[in-house]
Amino acid sequence: MRAVVQNDKNRVVLAMAALTAAAAVAVVSGCAGPVDEAEVRPAAGQQAHRAAVPDSHAALAAAARRWGLDAVPLRPPAPPKHKPRITARDGFEVDGQVEDDLPPVFTTVPTRKKVVFLTIDDGAEKDPDFLRMMSELRIPYTAFLSNYLVKDDYAYFRRMQAEGHTLNNHTLTHPYLPGLTYEEQKHEICGMQDIMRREFGKAPTVFRPPYGNYNGDTLRAAKTCGIRYAPIWDEEVFVDHWEYREWDRSLHPGDIVLTHFRGRDDWDGTMVDDMRRFLNKVTRDGYAVARLEDYL
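Quick look at the structure, then.

About the cut-offs
Residues numbered from 1 in each chain as written. Predicted model: local features only at pLDDT ≥ 70, side-chain atom pairs only at ≥ 80, totals over all residues. Heavy atoms only, no water. Helix = DSSP H or I, 4+ residues; strand = E, 2+ residues; numbered from the N terminus. Buried < 20%, exposed > 50% of the residue type's maximum accessible area, 1.4 Å probe, protein only. Salt bridge = Lys/Arg side-chain N within 4 Å of Asp/Glu carboxyl O. Axes fitted to C-alpha atoms, helices over the stretch in contact; angles between N-to-C directions. Parallel < 35°, antiparallel > 145°, perpendicular 65-115°, else oblique. Left-handed = near helix turned anticlockwise from the far one by under 90°. Contact = heavy atoms within 4.5 Å. Nonpolar A, V, L, I, M, F, W, Y, C, P; charged D, E, K, R; others polar. 1 Å grid on protein atoms, 1.4 Å probe; cavity = no way out; pocket = protein on both sides within 12 Å on 5 of 7 lines; lining within 4 Å. Points joined across faces, edges and corners; volume = space filled by probe spheres on them. Pairing = 2+ DSSP bridges. Polar contact = N/O pair within 3.5 Å; in protein donor to acceptor, adjacent residues only side chain to side chain. Expected span 1.5 Å × (residues − 1).

### Considerations on unusual backbone geometry
For residues that are not glycine, phi is negative in most cases, and the peptide bond is trans in most cases.
Reasoning step 1: A positive phi angle, near 85°, is found at Asp-122, a position not held by glycine.
Reasoning step 2: As for its placement among the helices and strands, Asp-122 is situated in strand S4 (residues 115–122).
Reasoning step 3: For Asp-122, a relative accessible area of 4% puts it in the buried group.

### Concerning the pattern of salt bridges
Two side chains bearing opposite charge may form a pair once their charged atoms approach each other closely.
Reasoning step 1: A full pass over the atoms with the stated rule returns 15 salt bridges.
Reasoning step 2: A salt bridge links Lys-281 to Asp-285, with the shortest nitrogen-to-oxygen separation between them at 2.9 Å.
Reasoning step 3: Note on Lys-281: relative accessible area 13%, which makes it buried.
Reasoning step 4: By relative accessible area, which is 27% here, Asp-285 ends up partly exposed.
Reasoning step 5: For Asp-294, the salt bridge identified is with Arg-291, shortest N-O distance 3.7 Å.
Reasoning step 6: A network of salt bridges, in which partner residues are shared, links Arg-89, Asp-234 and Glu-246.

### Some words on the packing of helix H6 (residues 182–200) against helix H7 (residues 216–224)
Reasoning step 1: Between H6 and H7, whose axes approach to 9 Å, the crossing angle comes to 45°. Taken together, H6 and H7 sit at an angle that is classed as oblique. H7 is crossed by H6, and the crossing has right-handed handedness. Listed contacts from H7 to Tyr-182, Gln-185, Lys-186 and Ile-189 of H6 are Asp-217, Thr-218, Arg-220, Ala-221, Ala-222 and Thr-224.
Reasoning step 2: Each residue belonging to the contact of H6 with H7 can be placed in one class, and the counts come to four nonpolar, three polar and three charged.

### Description of empty space enclosed by the protein
Reasoning step 1: Applying the stated criterion to the full structure yields one cavity of 30 Å³ or more.
Reasoning step 2: One number sums up the size of the largest cavity: a volume of about 30 Å³.
Reasoning step 3: Along the walls of the largest cavity sit Pro-73, Leu-74, Ile-139, Leu-279, Val-282, Thr-283, Tyr-287, Ala-288 and Val-289, which together make up its complete lining.
Reasoning step 4: Only helix H8 (271–284) and strand S11 (288–290) provide two or more residues apiece to the lining of the largest cavity.
Reasoning step 5: When residues of the lining of the largest cavity are assigned to their parent elements, the largest contribution, three residues, is made by H8.
Reasoning step 6: Looking at the lining of the largest cavity residue by residue, the classes come out as eight nonpolar, one polar and no charged.

### Observations regarding the pairing of strand S10 (residues 256–260)
Reasoning step 1: Burial analysis of S10 places five of its five residues in the buried class, the great majority of the element.
Reasoning step 2: Here S10 shows two buried faces, one formed by Ile-256, Leu-258 and His-260 and the other by Val-257 and Thr-259.
Reasoning step 3: Bridge count between S4 and S10: five bridges; the pairing is parallel. Residue pairing in the sheet places Phe-117 in a bridge with Ile-256 of S10.

### A look at the side chain of Gln-97
Reasoning step 1: Here Gln-97 lies in the loop between helix H2 (57–66) and strand S3 (105–106).
Reasoning step 2: The class for Gln-97 is buried, based on a relative accessible area of 8%.
Reasoning step 3: In this structure the side chain of Gln-97 is engaged in a polar contact, spanning 3.3 Å, whose partner is the backbone oxygen of Pro-103.
Reasoning step 4: Ignoring sequence-local partners within four residues, the contact set of Gln-97 consists of Ala-88, Phe-92, Leu-102, Pro-103, Pro-104 and Leu-219.

### With respect to the packing of helix H3 (residues 128–137) against H8
Reasoning step 1: Remark: H3 packs on H8, axes separated minimally by 8 Å, with the N-to-C direction vectors making an angle of 30°. Accordingly, the angle class assigned to the pair H3 and H8 is roughly parallel. Here H3 and H8 pass one another in a crossing that is right-handed. Contact residues: H3 offers Asp-129, Phe-130, Met-133, Met-134 and Leu-137, while H8 offers Met-271, Val-272, Met-275, Arg-276 and Leu-279.
Reasoning step 2: The residue inventory of the contact of H3 with H8, partitioned by class, reads eight nonpolar, no polar and two charged.

### Remarks on the side chain of Thr-142
Reasoning step 1: Position of Thr-142 relative to the elements: it lies in strand S5 (residues 142–145).
Reasoning step 2: Judged by its relative accessible area of 0%, Thr-142 is buried.
Reasoning step 3: Separated by 2.9 Å, the side chains of Thr-142 and Glu-293 make a polar contact.
Reasoning step 4: Here Thr-142 is in contact with Leu-118, Thr-119, Ile-120, Thr-166, Asn-168, Leu-292 and Glu-293, once residues within four sequence places are set aside.

### Observations regarding H8
Reasoning step 1: Relative to the 20 Å expected for 14 residues at 1.5 Å per residue, H8 spans 20 Å between its end C-alpha atoms, a close match to the ideal helical length.
Reasoning step 2: Within H8, ten of the 14 residues are buried, leaving the element largely enclosed by the surrounding structure.
Reasoning step 3: Buried within H8 are the following residues: Met-271, Val-272, Asp-274, Met-275, Phe-278, Leu-279, Asn-280, Lys-281, Val-282 and Thr-283.
Reasoning step 4: Among the structural elements, S4, H3, strand S8 (235–237), strand S9 (242–244), S10 and S11 are those in contact with the buried residues of H8.
Reasoning step 5: The backbone nitrogen of Val-272 has a side-chain oxygen 3.3 Å away, supplied by the residue at the start of H8, namely Thr-270.

Following this line, the structure appears as structure tokens:
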């Protein structure tokens, strides 16, 4: 009789173990029914960033292998509780910069954390593989859009926005702004604000002057249009090389990195190739990619 009871207990233990294992497999395979997706808290005005893949090291390692990276990209620290004070970089001020409280032009965000910020300009190339790669790797970036290049496919950038990335102002037609009058510059910047509001639901507070060129009228017009910040960049990455603003040709904590929406029509490679070069270097140098708007 005691043996029968003991056998029954063994069968119960085995059955419970099997159920536990099955539940674990179901969670991993996505078969466990509805569960809350991982969510990254968005910057103000952004949509929530829903995870395209589980935010685990194993999933990120698989994605890194899939996209041909040398290593898994480092994860950024939590956004700062107290955002740094952003001022114009020395030598990048204009007359009246402080007195008129004009948007600062800067190339680096003040931080001691080993993070850099990826920014992508214009909007010419609309590569679906790029969206998939950055989503799977969970790499944040900021897009600066010019209407003449994005107006043929606003939906591409809405998808980008829905994945948690921020869309900012890069003028209507990408002109050399210092060559225009104040009113012409205001039309370029405010006109793009109107389009951003109409197509993407919100006029941004961040603006990048085309080519990084600006004057006092640029910043005054930008302020009138609701702009608070005018970041440019410290490094620029291309599909086949990097370019540096600083003499040491190195990354620094808080650096803003520029690249462009370009593909084989302009480069000897794709945006995926460009991002592979970018991510391999920043990871090798011990940097994570953080969201710019979390620091502004």
